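Examination of the molecular architecture
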Amino acid sequence: MSAREAAVRASYDTVAQEYADRVPQRFAGDVLGRALLSGFAELVKRDGGGLPVVDAGCGPGHVTAHLAGLGLPVHGVDLSPRMVETARRAHAGLRFEVGSMTALDAGDASLAGVVAWWSLVHTPPEELAAVFAEFRRVLVPGGHVVVGFRVGSGPRSPRRAYGLPVSYEFHRFAPERVAGALAGVGLEVDGRLMWGGEADPSAGLLASRPT
Ligand SMILES: C[S@@+](CC[C@H](N)C(=O)[O-])C[C@H]1O[C@@H](n2cnc3c(N)ncnc32)[C@H](O)[C@@H]1O
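Residues numbered from 1 in each chain as written. Predicted model: local features only at pLDDT ≥ 70, side-chain atom pairs only at ≥ 80, totals over all residues. Heavy atoms only, no water.

Moving on, we come to the packing of helix H5 (residues 128-138) against helix H6 (residues 175-184). It is at 8 Å that the axes of H5 and H6 come closest, and there the two elements cross at 50°. In terms of their interaxial angle, H5 and H6 are classed as oblique. Along this stretch, H5 crosses H6, giving a crossing that reads as right-handed. Each of Leu128, Ala129 and Phe132 in H5 lies in contact with H6, whose residues at this interface are Val178, Ala181 and Leu182. Residues that form the contact of H5 with H6 fall into these classes: six nonpolar, no polar and no charged. (Axes fitted to C-alpha atoms, helices over the stretch in contact; angles between N-to-C directions. Helix = DSSP H or I, 4+ residues; strand = E, 2+ residues; numbered from the N terminus. Parallel < 35°, antiparallel > 145°, perpendicular 65-115°, else oblique. Left-handed = near helix turned anticlockwise from the far one by under 90°. Contact = heavy atoms within 4.5 Å. Nonpolar A, V, L, I, M, F, W, Y, C, P; charged D, E, K, R; others polar.)

Have a look at this one:
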């Protein structure tokens, strides 16, 4: 594991419970973000042949549970063992494993979908291509990716989050840069959404592995 990943893991181990106490409520109010995830779920059900879906960087598992509620056979993966424990406690019927989105525990062309919802925020822009190449490897032809992130540029290095010490960098991206990295590994960008107002908007992209 890289030093960067070790810092992300340690930081989320520290904030796991506070994150779980606050962020799922925010997600419940994020109507447009959930609309994009609903579109993803429909596409996966149409094209995925019933194959599994992975929520990469699942945190406390609320997005995984939301997608399971929409009928997807989804499980969560996260770098942080404390996040995975939190997710297992909150969603006992679902599967959550410790792992990295940079090396998914899945065979080539074995998944119908990959979700990276606010989990690329600790990946430097120059490393997006390697992560998306991994997503492409595990996706079946016709499989779909959805990513959600904060729009902006330049890393932030908060020393505290949720009232606790952290040691990660937080990256915001231009949507064109994320779209370019997806296209660069052979994923087709099928849709984009920006929401949340002019200052610090959110963005989401849908992409698929061509058949
Ligand atoms: C901002 S939280 C997002 C959690 C959840 N997806 C959500 O929407 O609230 C970022 C999560 O991504 C995880 N993460 C960051 N880099 C990762 C990687 N390379 N592999 C797996 N998980 C990662 C972190 O441990 C953390 O739980």
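A separate point is helix H2 (residues 31-47). The first and last C-alpha atoms of H2 sit 24 Å apart over 17 residues, in line with the 24 Å expected at 1.5 Å per residue. By the burial criterion, the buried members of H2 are Gly33, Leu36, Leu37, Phe40, Ala41, Leu43 and Val44. Angular distribution of buried residues about the axis of H2 spans 165°; they occupy a single face of the element. Exposed side of H2, more than 90 degrees from the buried face: Val31, Glu42 and Arg46 are the residues found there. Backbone geometry just after H2 places Gly49 at a positive phi near 60°. (Expected span 1.5 Å × (residues − 1). Buried < 20%, exposed > 50% of the residue type's maximum accessible area, 1.4 Å probe, protein only. Arc of directions from axis to C-beta.)

Close to the ligand lie 20 residues, the nearest being Tyr19, Gly57, Asp78, Met101 and Trp117. With respect to the ligand, the backbone of Gly57 contributes an N or O atom lying 2.8 Å from a nitrogen atom. In the model, an oxygen atom of the ligand is placed 3.3 Å from a nitrogen or oxygen of the His62 side chain. For the ligand, whose accessible area on its own is 590 Å², the fraction buried by protein is 97%. With respect to the pocket detection grid, the ligand is positioned in the largest pocket. Put simply, the parts of the chain that give the shell around the ligand at least two residues each are helix H1 (3-29) and helix H3 (62-69). With five residues, H1 is the single largest residue contributor to the shell around the ligand. When grouped by side-chain class, the residues that make up the shell around the ligand number 11 nonpolar, seven polar and two charged. (Near = heavy atom within 4 Å. Polar contact = N/O pair within 3.5 Å; in protein donor to acceptor, adjacent residues only side chain to side chain. Areas by Shrake-Rupley, 256 points an atom, 1.4 Å probe, with all protein chains shown as cover. 1 Å grid on protein atoms, 1.4 Å probe; cavity = no way out; pocket = protein on both sides within 12 Å on 5 of 7 lines; lining within 4 Å. Sits in = over half its atoms within 2 Å of the grid points.)

The analysis is restricted to geometry; functional conclusions fall outside its scope.
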